[in-house]
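Here is how the chains run, residue by residue.
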Amino acid sequence: MTAIRMQFLTIAVVVFIGIWLTGFAKVHWFLYTPVVVFLFAGITGICPGMMLWKKLGFKD
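Residues numbered from 1 in each chain as written. Predicted model: local features only at pLDDT ≥ 70, side-chain atom pairs only at ≥ 80, totals over all residues. Heavy atoms only, no water.

Caption draft 1: Focus on the overall build of the chain. A count of helices and strands for the chain gives 3 helices and 0 strands. The linear arrangement of helices and strands in the chain, starting from the amino end, is α-α-α. On C-alpha atoms alone, the chain measures out to a radius of gyration of 13 Å, which is more than a quarter above the 10 Å that the 2.2 N^0.38 rule sets for 60 residues. C-alpha extents for the chain along the principal axes are approximately 40 × 25 × 15 Å. Partitioning the intrachain contacts of the chain with sequence separation of at least 6 by distance along the chain shows that 47% fall at a separation of at least 24. In the form shown here, the chain has an accessible surface area of approximately 4800 Å², with 76% of it arising from carbon and sulfur atoms. (Helix = DSSP H or I, 4+ residues; strand = E, 2+ residues; numbered from the N terminus. Rg over C-alpha atoms; globule rule 2.2 N^0.38 Å. Contact = heavy atoms within 4.5 Å. Areas by Shrake-Rupley, 256 points an atom, 1.4 Å probe, with all protein chains shown as cover.)

Printed below as a string of structure tokens:
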């Protein structure tokens, strides 16, 4: 497990805890998007955000 993958998983957990403490019924559905993306990136090692920004012309 690399450090960047652990970073993605940690951020996903922290955001999810914030959603949980606020209440699942009160949180807008869009707040679940970063949790899903960070979990995907942490588990697979593929970061959709990096892919998007690279396609838009930004460099690493």
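Caption draft 2: Focus on the packing of aromatic side chains. As enumerated under the stated definition, the model contains 4 aromatic pairs in all. Taking the centre distance of 5.8 Å and the plane angle of 20° together, the rings of Phe-8 and Phe-38 count as stacked. Here the residue Phe-8 occupies a position in helix H1 (residues 3-22), and Phe-38 occupies one in helix H2 (residues 32-44), the gap between them amounting to 30 residues. The exposure class assigned to Phe-38 is partly exposed, which follows from its relative accessible area of 22%. (Phe/Tyr/Trp six-rings, centres within 6.5 Å; stacked < 30°, edge-to-face > 60°. Buried < 20%, exposed > 50% of the residue type's maximum accessible area, 1.4 Å probe, protein only.)

Caption draft 3: Region of interest: the environment of Gly-42. Looking at the secondary structure, you find Gly-42 in helix H2. In this view, Gly-42 contacts Met-1, Arg-5, Phe-8 and Leu-9; residues no more than four positions away in its chain are not counted.

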